[in-house]
Amino acid sequence: MSSHSGSSSSRPSFWRAAARRLVCLAATVLLAAFLAAALVRLAPGFGMDERQLDARLSDSSIRAIQAQYGGDTGVVRYFWNYLSGLCRGELGQSVSLGRPVRELIADRLGVTLQSAAAGLAWAWIAAIAAALSLGLLRRPVFDLAATALTGALLCLPAAVVGLFSFYLGAGPALAIGVILLPRVFRYIRNTTGATAGLPHVLAASARGIGGLGLLARHVWLPAAPEIVALGAVSVSMALGAAIPVEALCDSPGIGQLAWKAALGRDLPVLMNITILIATVTAVANLLADAARSAFWTEA
């Protein structure tokens, strides 16, 4: 009877937590959209077009060009107009490429997601394998070598890693993986290393439990919530690394589009890419938070 009442009472709290997370997600996306719209509207050179320098154009033609970029509307009205178009699926027109932003993002999003997913998978598999191997071997010399190697990789700028990947013909996925690997490995190693020093691990080791069973049950399982949270953070890190990597590797993805838009002062493209990255990051954090809550509920 008590277990049934406990499960029924936990069900509304689960739905309340889920609703709260969805509200936070919507608020985060709206705030990102407003800030992006404000940055675009207040940016120097907003609404300027080289066609306005043509002395042959009449005043009406110049006003028409200015109206294409939003005219003299304020930040709030500009954001409202953008949000209205966003609800209708209209993301504006690219200034430098002369195409709808929606088509540009749709054509390139799959390339970036594929590269980021492959880089994430490569980095996580290598980091988990290395952390497990070090946990089983327990040799200080291997720990020192792993620390030195990951420290050297952390010192490499993303642009340098992208250039190396381009010269080797490896593609952007490998470069993203190399950028993420030291960060993921160090966090996992530090988290599992701190858990390995807890009293329950020492007690389990004293009872004769060792090897992979000790690591999986008494070290990695208690550290799982922190590792899951790292998974959400690594998604945003992969998207951030994709911008310079895709630009240098000449990969036709969102990163290359953002780079070209920045060079061409294509503000509508930059604004929509900012909102896209913020949305993906917020969704990843939401899923990670839900997974952590489910893990603690099961525990």
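In this text the structure is predicted, and so the values were computed from the model without any measurement.

What counts, and where the lines are drawn
- Residues numbered from 1 in each chain as written.
- Predicted model: local features only at pLDDT ≥ 70, side-chain atom pairs only at ≥ 80, totals over all residues.
- Heavy atoms only, no water.
- Helix = DSSP H or I, 4+ residues; strand = E, 2+ residues; numbered from the N terminus.
- Buried < 20%, exposed > 50% of the residue type's maximum accessible area, 1.4 Å probe, protein only.
- Contact = heavy atoms within 4.5 Å.
- Areas by Shrake-Rupley, 256 points an atom, 1.4 Å probe, with all protein chains shown as cover.
- Arc of directions from axis to C-beta.
- Phe/Tyr/Trp six-rings, centres within 6.5 Å; stacked < 30°, edge-to-face > 60°.

With that settled, the discussion passes to the overall build of the protein. Each helix and strand counted, the protein has 12 helices and zero strands in total. When the helices and strands of the protein are listed from N to C terminus, the series reads α-α-α-α-α-α-α-α-α-α-α-α. Of all 299 residues assigned to the protein, the portion counted as buried reaches 34%. Long-range contacts, defined as pairs at least 24 residues apart, comprise 74% of the intrachain contacts of the protein with a sequence gap of at least 6. Of the accessible surface of the protein, which amounts to about 16800 Å², a share of 67% is contributed by carbon and sulfur atoms.

Moving on, we get to helix H9 (residues 211–220). Among the residues of H9, Leu214, Leu215, His218, Val219 and Trp220 are the ones counted as buried. Along the axis of H9, the buried positions cluster into a sector of 155°, meaning they face one direction only. Exposed residues pointing more than 90 degrees away from the buried face of H9 are listed as Leu212 and Arg217. Residues of H9 that are buried make contact with helix H4 (101–137), helix H7 (172–196), helix H8 (199–206) and helix H10 (224–249).

Further remarks concern the environment of Thr150. In this structure, Thr150 sits in helix H5 (residues 140–155). Each C-alpha atom of the pair Thr150 and Arg183 lies 7.9 Å from the other, and the pair is 33 residues apart in sequence. Sequence-distant contacts of Thr150, that is, excluding residues within four places in its chain, are made with Pro182, Phe185 and Arg186.

So, about the packing of aromatic side chains. Following the criterion strictly, the structure yields one aromatic pair and no others. Summarising the aromatic geometry, the rings of Phe166 and Tyr167 are spaced 5.9 Å apart at their centres and angled 55° between planes, so their arrangement reads as tilted. Residue classification places Phe166 among the partly exposed residues on the basis of a relative accessible area of 42%.

Position of Ile277 relative to the elements: it lies in helix H12 (residues 267–298). We classify Ile277 as partly exposed; its relative accessible area is 25%. As for Ile277 and Ala32, which are separated by 245 residues in sequence, their C-alpha atoms are 9.6 Å apart. Each residue touching Ile277, except ones within four places of it in the same chain, is listed here: Leu239 and Ile243.

Peptide bonds are mostly trans, and most non-glycine residues show a negative phi. Unlike most non-glycine residues, Asp250 shows phi in positive territory, near 55°. Its place among the elements puts Asp250 in the loop between H10 and helix H11 (254–263).

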